[in-house]
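Overview (structure and organization)
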Amino acid sequence: MTTYAEGPQVDLMDLAPFIEGRENEVLAELREHQPLHWNDEPDGPGFWSVTRYDDVVKVVSDPATFINGEGTQILSRKVEGSTSTVHNTDPPRHGPLRKLAAPHLRAMKVKEWQDIIDECVDTLLDDLEARGEAELVKTAAALLPIQVLGQVLGVAREDCDLLLDWTNRVISDDPEYMRGPDEKERARNEMFAYFKELTEKRRSAPAHDLVSKLVHAEFQGEPLPWEDLAAYYFVLVGAGNETTRNLITGTVLAFDEFPDQWDKLVREPELLGSTIEEMLRYVTPIRAMRRTATADVELNGQTIRAGDKVVCWFQAANRDPAVFEDPDVVKIDRTPNDHVGFGWGIHACMGSHLARAEVSTFFRKVLERGIRIRPLAEPDRLHTNQFNAYKRLQVAIEKEDGR
Amino acid sequence: MKVLVDWDLCEGHGQCEFAAPDVFTIDDEGDLEVLDETPGDEQRAAVEQAIRRCPTHALSLAD
Ligand code: HEM
Ligand code: HEM
Ligand code: SF4
């Protein structure tokens, strides 16, 4: 392993820069001076980090050499137990498993959910406007994705609160959501039981929802066993929930940082589509995903050994000046914009159309109502290096003059 | 501009639909359907992005 003489020692397991919002400086240091960076881990084998756009795309485009099956979190663990989700699966199982749900989440299908999205957004914005001042994550950003995803899956609207509570408890390592030490396990079990019942209901009487599609799907000639169904529900809920809420919160913060871009969007609302793409680039809700090498590979003059963990920093790639002009600036009309905010390659986001529909509907309606959501304080960030995630953001909802 | 698909390579990942939804779509079985085999020039940037995004390199262009 080569160590670089130049530049400061960077330790990506040090969460301070991520919590304080200084992580882009650290990632830029790696991208410029240590494009393949080795990081020791106190309780693990250590990992490589890839930060240049071309290298990130290269790694995620080679699923034979860089696999997901050994886990996709930076830390060495798989979270879903005995089976594996579509995300933690490699070819040849991956493609057919992905095909079970992907067609139902494609752009044309997502249009069928637009009424539900409109309704959810209207309710949330009515509430925000009535409050005038609110904590954005709890009152809106966290609610929209789970309400929409819940209904896409087949969870009744009135049960979406349950779903939110379970995911807060399962997903969060944060003591503040935890009512006791076995809380995570309990929440997971409650959610399992709920989905088991829903599965049986849809098995006997299919409805127009994703649970019905998965229950009645065939995978290599057989219906999916319960463990695989549960893994599928969990990955959709896991992947669709935190990510989308953080894009909403991150977008509000980015417009506060670049108010001229908000004014531009107000004048040119037809830029909403490219605005959302730019926010996916600038915010990058999933900062990084991990692969594991299956063979020795040369990269940037160093050797990655078979079995090594390789972390792909989408956030660093999304600010690579070799690809994006003025990468640290928000330009809502940026074109082309081949960001990797949804990843790239065979594991690229399956819910991208749904996420886009949710977030663009939210901001379209903010524009139509002539309001502006303005942060009142610094956000509280989740203590993690892998996700760009906000726990809290206090905001004011202001009626804009002359609109 | 003519869009060519190598059907032996295509795995229906739908990255092409993501880039150029007016040209590519994925049907209910999860298979690719080309909506417009000879798109106009205004689709060029989108189609080029679709070609880059396809993880199996199944797409190409003939002029
Ligand atoms: C703004 C919101 C979202 C962002 C930024 C996002 C980002 C990503 C990224 C970067 C990946 C690639 C992971 C990798 O390469 O290892 C991914 C995969 C995935 N996403 Fe999303 N996502 C979002 C919303 C959603 C939604 C709403 C759903 C569900 C409906 C979803 C479902 C998935 C699934 C199932 C995968 C795994 C696909 C596979 O491994 O084949 N995502 N997402
Ligand atoms: C901003 C984005 C995200 C955040 C903050 C987040 C956070 C977390 C955390 C903290 C856990 C708990 C791990 C544990 O049990 O110790 C978790 C679980 C999980 N996440 Fe994520 N995640 C995000 C995105 C994703 C994506 C993109 C996927 C899949 C493509 C995903 C799939 C899962 C799954 C399947 C579980 C396991 C649920 C269970 O069975 O316990 N998550 N997530
Ligand atoms: S992205 Fe490539 S593999 Fe996927 S559907 Fe399009 S052509 Fe086929």
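Structure: above.
Residues numbered from 1 in each chain as written. Chains lettered and ligands numbered in written order. Predicted model: local features only at pLDDT ≥ 70, side-chain atom pairs only at ≥ 80, totals over all residues. Heavy atoms only, no water.

1. Quick word on the overall build of chain B
Applied cut-off: Helix numbering and strand numbering both begin at the N terminus, where a helix is a DSSP run of H or I of at least 4 residues and a strand a DSSP run of E of at least 2. Note on method: radius of gyration uses C-alpha positions; expected globular size equals 2.2 Å times residues raised to 0.38. Only protein chains enter the area calculation, which uses a 1.4 Å probe; residues under 20% of their type maximum are buried, those over 50% are exposed, and those in between are partly exposed. Any two residues having at least one pair of non-hydrogen atoms within 4.5 Å are treated as being in contact. In this description, accessible areas are obtained by the Shrake-Rupley approach with a 1.4 Å probe, and a residue is regarded as covered only by the protein chains that are shown. Counted as positive: Lys and Arg. Counted as negative: Asp and Glu. His and the chain ends are not counted at all. The location of each charge is read from NZ of Lys, CZ of Arg, CG of Asp or CD of Glu.
Helix and strand counts for chain B come out as 2 helices and 4 strands. Element order for chain B, N to C, with α for helix and β for strand: β-α-β-β-α-β. Computed over C-alpha atoms, the radius of gyration of chain B comes to 10 Å, within 12% of the 11 Å expected from 2.2 N^0.38 for 63 residues, which places it in the range of a compact globule. If you line up chain B on its principal axes, its C-alpha atoms span 30 × 20 × 15 Å. When the 63 residues of chain B are sorted by exposure, 49% land in the buried category. Look at the contacts in chain B between residues 6 or more apart in sequence, and 57% of them connect residues 24 or more apart. Accessible area of chain B: about 3200 Å², with a carbon and sulfur share of 45%. Of the charged side chains in chain B, 4 are positive and 16 negative, and the gap between their average positions amounts to 11 Å.

2. Remarks on the packing of helix H14 (residues 272-283) of chain A against helix H16 (residues 352-368) of chain A
Residues and elements named next belong to chain A. What counts here: Helix axes are fitted only over the stretch in contact, all axes being lines through C-alpha atoms; the angle between N-to-C directions runs from 0 to 180 degrees. For classification purposes, angles smaller than 35 degrees are called roughly parallel, those larger than 145 roughly antiparallel, those between 65 and 115 roughly perpendicular, and all remaining angles oblique. Each crossing gets its hand from how the near helix is turned against the far one by less than a right angle, where anticlockwise is left-handed and clockwise is right-handed.
Close contact between H14 and H16 brings their axes to 10 Å; oriented N to C, the two are set at 120°. If you check the angle between H14 and H16, you find them oblique. You can see that H14 and H16 cross each other, and the crossing is right-handed. Of the residues in H16, those touching H14 at Leu272, Ile276 and Glu277 are Arg356, Val359, Ser360, Phe363 and Arg364.

3. Concerning the coordination of the iron atom of ligand 1
Counted only if it meets this: Counted as coordinating are nitrogen, oxygen and sulfur atoms within 2.8 Å of the metal, or 3.2 Å for Na, K and Ca, while water is not included, which may make sites look incomplete.
On the protein, Cys349 of chain A (SG) is the one donor atom to the iron atom of ligand 1, at 2.3 Å. Among the structural elements, Cys349 of chain A can be located in the loop between helix H15 (314-317) and H16.

4. Considering the pairing of strand S2 (residues 47-50) of chain A
Residue and element names in this part refer to chain A. The condition that has to hold: If DSSP finds at least two bridges between two strands, the strands pair.
Residue alternation in S2 divides its side chains into two sets, Phe47 and Ser49 and Trp48 and Val50, and both sets are buried. Relative to S2, strand S1 (residues 36-39) runs antiparallel, the two sharing 4 bridges. Among the inter-strand pairings, Trp38 is bridged to a residue of S2, identified as Trp48.

5. Focus: unusual backbone geometry
All names here are of chain A. Omega for the bond connecting Pro91 with Pro92 falls within 30 degrees of zero, at 5°, which places this linkage in the cis form. With respect to the helices and strands, Pro92 occurs in the loop between strand S3 (66-67) and helix H4 (94-101). We note that Asn300 has phi near 50°; this positive angle belongs to a residue other than glycine. Take Asn300: it is sitting in the loop between strand S8 (297-299) and strand S9 (302-304). Of the residues examined, Asn300 reaches a relative accessible area of 35% and is grouped as partly exposed. Even without being glycine, Asp326 reaches a positive phi, approximately 45°. Along the polypeptide, Asp326 turns up in the loop between H15 and H16.

6. A word on the sheet that holds S3 of chain A
The strands making up a sheet are joined through hydrogen bonds of the backbone, oriented either antiparallel or parallel. All names here are of chain A. Read from one edge of the open sheet, 5 strands run S1-S2-S10-S7-S3, paired in mixed fashion. Only two strands of the sheet have a single neighbouring strand rather than two, namely S1 and S3. Two elements, S2 and strand S10 (residues 309-313), share 4 bridges in a ladder whose sense is parallel. Residue pairing for S10: Val50 is matched across the bridge by Cys312. Sitting on the sheet, helix H3 (residues 53-60) is in contact with S2, S3, strand S7 (288-293) and S10, with an inclination near 125° to S10.

7. Topic: the environment of Asn337 of chain A
Looking at where Asn337 of chain A falls in the secondary structure, it is placed in the loop between H15 and H16. Taking relative accessible area as the criterion, Asn337 of chain A reaches 10% and is therefore assigned buried. For the pair Asn337 of chain A and Ala295 of chain A, spaced 42 residues apart in sequence, the C-alpha to C-alpha distance is 32 Å. When neighbours within four sequence positions are excluded, Asn337 of chain A is seen to be in contact with Glu277, Glu278, Arg281 and Phe324 of chain A together with Gln49 of chain B.

8. Structural notes on the pairing of S10 of chain A
All names here are of chain A. For S10, the tally of buried residues reaches 5 of 5 residues, placing the bulk of the element in the interior. Covered by surrounding structure in S10 are Lys309, Val311 and Trp313 together with Val310 and Cys312, the residues of both alternating faces. As paired strands, S7 and S10 are joined by 5 bridges and run antiparallel to one another. By the bridge assignment for S10, Thr292 is matched with Lys309.

What is shown is where atoms sit, not what they do.
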